[in-house]
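Residue strings, one per chain:
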Amino acid sequence: MPETLAERIQQRLEALGISERAASIAATGSDATIRMIRTGKSVNPRSDTIAKLAHVLQTTEQWLLNGTVDSVTVAAEVARQPTEVRPADQFGGRFDGAKDVPVLGTAAGSELGKGAFQLTTDVVDYARRPYGLIGAPGVYALYVEGDSMSPKFEPGDIIFVHPHRKPLGGDYVVIQEPDSNNGDSRAFVKRLVKITGTTIRAQQYNPPATIDFIIRPGVTVHKVMSDVDLYGA
């Protein structure tokens, strides 16, 4: 029987096959919650934190706190808990939530050498929400158009995009800018090099190129979430 809160959390992580980071993000939105408990920096977590961890780890607050509740009671109490965060579609140890992430429509653009495409507001599908995006507002998904980022992203691959996470150099991003030719916006999936006061420098793989986008009204840069961001592994 695990003797400490950290040991009981670890037991549930192993039983569910999810990472410490993914469970932390799913429970509280912070990737450090469980790490703080494990390292002793959080000796007495708040009751609401324990409740959220118990929900994500599919156990009870009582078991996490003292380990005295038997498994039958745990199963019965978990069955009665709300299901805002529920494991589903378990593939390769990845646990996803509700099928509520909108997949926006895309259409190949004229600047195929730069991998341009048109991003529409049409919702063509819904994707299951990865653990790392549970509770994150405004996220969306896209099917990749073109092969400018091959072999990282191939045509038809799905990517998850977080408009409120600040992208850093080396991150993959979706850049949108107005198209002065027809008034519509055009979008690009690229690897961010850096952002200066006037330009966004990005990289593509196929054909290899570095492209500068001028920062002006209507230009946005949204972070494409990595597997580590989404699943903690």
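Thresholds, definitions, all that
- Residues numbered from 1 in each chain as written.
- Predicted model: local features only at pLDDT ≥ 70, side-chain atom pairs only at ≥ 80, totals over all residues.
- Heavy atoms only, no water.
- pLDDT = per-residue confidence, 0-100.
- Helix = DSSP H or I, 4+ residues; strand = E, 2+ residues; numbered from the N terminus.
- Contact = heavy atoms within 4.5 Å.
- Axes fitted to C-alpha atoms, helices over the stretch in contact; angles between N-to-C directions.
- Parallel < 35°, antiparallel > 145°, perpendicular 65-115°, else oblique.
- Left-handed = near helix turned anticlockwise from the far one by under 90°.
- Nonpolar A, V, L, I, M, F, W, Y, C, P; charged D, E, K, R; others polar.

Q: An account of the confidence of the model for the protein is requested, with residue identities and associated values reported.
A: Overall, the predicted model of the protein reaches an average pLDDT of 81, with 82% of residues at or above 70. Across the protein, strand β10 (residues 220–224) holds the top mean pLDDT of 96, while strand β1 (residues 88–91) sits lowest at 36. Across residues 70–93, confidence stays below pLDDT 50; counting only partners more than four residues off in sequence or on other chains, it has 36 contacts.

Q: Describe the packing of helix α2 (residues 20–28) against helix α4 (residues 47–56), listing the residues and the values that go with them.
A: Running from amino to carboxyl end, α2 crosses α4 at an angle of 120 degrees, the nearest separation of the two axes being 9 Å. Relative to α4, α2 is oriented oblique. Between α2 and α4 lies a crossing of right-handed hand. Here A23, A26, A27 and T28 of α2 lie close against α4, whose contacting residues are T49, K52, L53 and V56. Across the contact of α2 with α4, the residue classes break down as 5 nonpolar, 2 polar and 1 charged.

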